[in-house]
Amino acid sequence: MNMPSLSVSDVQAIAKVKHAVLDTMRILKIDPGSILPFDKTPSLEPFILECIDEARKRGYLSSDSIPQPFEERHVRIGATAGHYVHFHHREMESHASIAEYGSRLASGRSQLEKGLDDFVALSAELSDMYDTITGDFLRMSTQAFLVGAHLEQELSGKHWQAEWAVNKDAPVFPTIMKTMTSAAILCFLLSFPCTVPATSYIQALPDGIVVHDITSDIMSYYKEALAGEFNRIEQTAQLRNLPAVDILGEYVETMEASHRRVVRVLLASDPTGKLVACYEKSIVGFVVFQALHPRYKIEDLGIFDC
């Protein structure tokens with residue numbers, strides 16, 4: 001395991017992280033003081049319980065003592081985020097389960113673990129809800145997510161934290177890795193109703209990916225740096241020989257430019273603003289979830305005291 005790249009006693013570094021988080025929220029028009037805690041959001045717990053009940057009906061959850069890839073806590077995280085079940089936060093029984101996912105999917109063979117078979121079925125069901133273009137993008141994103149998890153483990157070792165060298169002539173590689181492992185394509189596309197044709201929003205996809213990737217980078221950085229994780233910000237810092245906290249501001253500026261382009265593209269497609277509202281509500285919910293969830297330790301930065 002790597003040593004933490006950030007210390008809670010480094011006041012200046014912590015201030016830069018806090019500033020980046022607050023800037024991200026400002027760009028998305030999120031007032032930290034107006035965010036309702038989970039326990040004061042009356043619709044949340046009933047929704048989570050409904051998701052857990054459905055997961056049990058589908059056989060995704062088991063009441064026996066045998067470890068399962070899906071556990072109730074993962075359903076809770078997925079339901080609360082309103083996006084993706086965080087599949088790679090639970091170690092699989094073997095690395096081979098993920099390594100063989102793609103070949104088994106393409107050949108129609110069963111996966112090595114029941115949880116991955118459930119994952120295949122759920123992905124297919126979700127993709128079929130959308131038109132063929134968006135559906136195929138969703139399938140691609142799901143496949144890329146598992147490939148990314150496999151590649152990340154190959155690069156980082158058993159505990160997914162060992163630092164590896166970023167080749168100086170491969171500056172885009174950390175971004176490709178991030179897009180795969182963040183499922184940003186899926187997160188952006190699921191912002192829109194399945195009744196809306198893909199051509200209405202597909203041109204905003206590249207910048208939408210940037211927004212999702214960078215907001216995830218910024219909101220996850222604090223807890224990952226404390227844990228010594230070699231994330232995209234650390235990878236870019238290594239490549240440029242800079243302290244990681246010194247490039248947070250650049251990331252936020254890039255995100256802001258992409259966010260503005262997404263809004264303009266969607267408004268050009270739908271002047272009523274409905275597509276923009278779908279996008280903004282989705283990305284705001286994604287960021288608010290990370291701001292509130294204890295896993296990300298954002299409260300420790302004091303953003304709710306501003």
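Asks: Please clarify how helix H2 (residues 44-57) should be interpreted in this entry.
Replies: Two residues of an α-helix separated by three or four positions point the same way, owing to the 3.6 residues in each turn. Compared with an ideal rise of 1.5 Å per residue, which puts 14 residues at 20 Å, H2 spans 20 Å between its outermost C-alpha atoms and is within 8% of the ideal. For H2, the set of buried residues is Leu44, Ile48, Ile52 and Ala55. The buried residues of H2 all sit within an arc of 65° when viewed along its axis, so they share a single face. Along H2, the residues that are exposed and aim more than 90 degrees away from the buried face are Glu50 and Lys57.

Asks: Explanation requested: helix H1 (residues 11-27) in the structure shown.
Replies: Compared with the 24 Å implied by 1.5 Å per residue over 17 residues, the 24 Å span of H1 between its first and last C-alpha is a close match. Residues Ala13, Ile14, Val17, Ala20, Val21, Asp23, Thr24, Met25 and Ile27 constitute the buried set of H1. On its buried side, H1 packs onto helix H10 (205-227), helix H12 (248-269) and helix H13 (274-292). Positive backbone phi, approximately 60°, marks Lys29, located one or two places after H1.

Asks: How do you make sense of the confidence of the model for the protein chain when you look at a structure like this?
Replies: Atomic detail in the predicted coordinates should be set aside for any region of low pLDDT. On average, residues of the protein chain carry a pLDDT of 84, and 86% of them reach 70 or more. Put simply, helix H3 (residues 72-81) is where the protein chain has its lowest mean pLDDT, 54, and H12 is where it has its highest, 98. Confidence over residues 80-93 falls short of pLDDT 50; this stretch has 49 contacts with residues more than four positions distant or in other chains.

Asks: Got a minute to help me understand the nonpolar core in this structure?
Replies: Grouped burial of nonpolar side chains is what soluble globular proteins tend to show. If you look at the biggest cluster of nonpolar residues, it comprises 65 residues, and the most contacted ones within it are Leu6, Tyr221, Leu266 and Tyr279. Residue assignment for this core shows that the elements contributing at least two residues are H1, helix H6 (114-128), helix H7 (132-156), helix H9 (184-189), H10, helix H11 (232-240), H12 and H13. Beyond its immediate sequence surroundings of up to four residues, Leu6 is in contact with Ala13, Ile14, Val17, Tyr221, Tyr222, Ala225, Leu226 and Val245. One finds Ile48, Ile52, Ala55 and Leu61 within the second-largest nonpolar core, a separate group that totals six residues.

Asks: It is not clear to me how unusual backbone geometry should be interpreted in this structure. Could you clarify?
Replies: Glycine aside, a negative phi is what most residues show, and trans is what most peptide bonds show. The backbone of Ala183 shows a phi angle near 55°, a positive value even though the residue is not glycine. Even without glycine at this site, Lys297 takes up a positive phi of about 60°.

Asks: Looking at this structure, I do not really get the side chain of Glu234. What am I missing?
Replies: Within the secondary structure layout, Glu234 lies in helix H11. With residues up to four places along the chain from it excluded, the contact list for Glu234 reads Ser5, Tyr221, Ala225, Glu229 and Ala244.

Asks: Before we go on, may I ask you to explain the environment of Gln143 in this structure?
Replies: Residue position: Gln143 is located in helix H7. Put simply, Gln143 and Leu105 are 38 residues apart on the chain and 9.2 Å apart in space, counted from C-alpha to C-alpha. Non-local contacts of Gln143, meaning those with residues more than four positions away in its chain, are made with Tyr101, Gly102 and Leu105.

Asks: Just checking my understanding: could you explain the environment of Ser9 for this structure?
Replies: With respect to the helices, strands and loops of the structure, Ser9 is situated in the segment before H1. Note on Ser9: relative accessible area 59%, which makes it exposed.

Asks: Mind showing me how you'd approach the side chain of His259 here?
Replies: Checked against the element boundaries, His259 lands in helix H12. The exposure class assigned to His259 is buried, which follows from its relative accessible area of 9%. There is a polar contact of 2.8 Å between the side chain of His259 and the side chain of Tyr279.

Asks: It is not clear to me how the pattern of salt bridges should be interpreted in this structure. Could you clarify?
Replies: Should their charged atoms come close, side chains of opposite charge can pair. By the definition in use, this model includes 13 salt bridges. Note that Asp128 and Arg139 form a salt bridge whose closest N and O atoms lie 2.5 Å from each other. Here Asp128, found in helix H6, pairs with Arg139, found in helix H7; they are 11 residues apart in sequence, far enough to count as distant. Classification of Asp128 by relative accessible area gives exposed; the value is 56%. Among the residues examined, Arg139 registers a relative accessible area of 33% and is labelled partly exposed.

Definitions and limits used
Residues numbered from 1 in each chain as written. Predicted model: local features only at pLDDT ≥ 70, side-chain atom pairs only at ≥ 80, totals over all residues. Heavy atoms only, no water. Helix = DSSP H or I, 4+ residues; strand = E, 2+ residues; numbered from the N terminus. Expected span 1.5 Å × (residues − 1). Buried < 20%, exposed > 50% of the residue type's maximum accessible area, 1.4 Å probe, protein only. Arc of directions from axis to C-beta. Contact = heavy atoms within 4.5 Å. pLDDT = per-residue confidence, 0-100. Core = buried A, V, L, I, M, F, W, Y, C linked by side-chain atoms within 4.5 Å. Polar contact = N/O pair within 3.5 Å; in protein donor to acceptor, adjacent residues only side chain to side chain. Salt bridge = Lys/Arg side-chain N within 4 Å of Asp/Glu carboxyl O.

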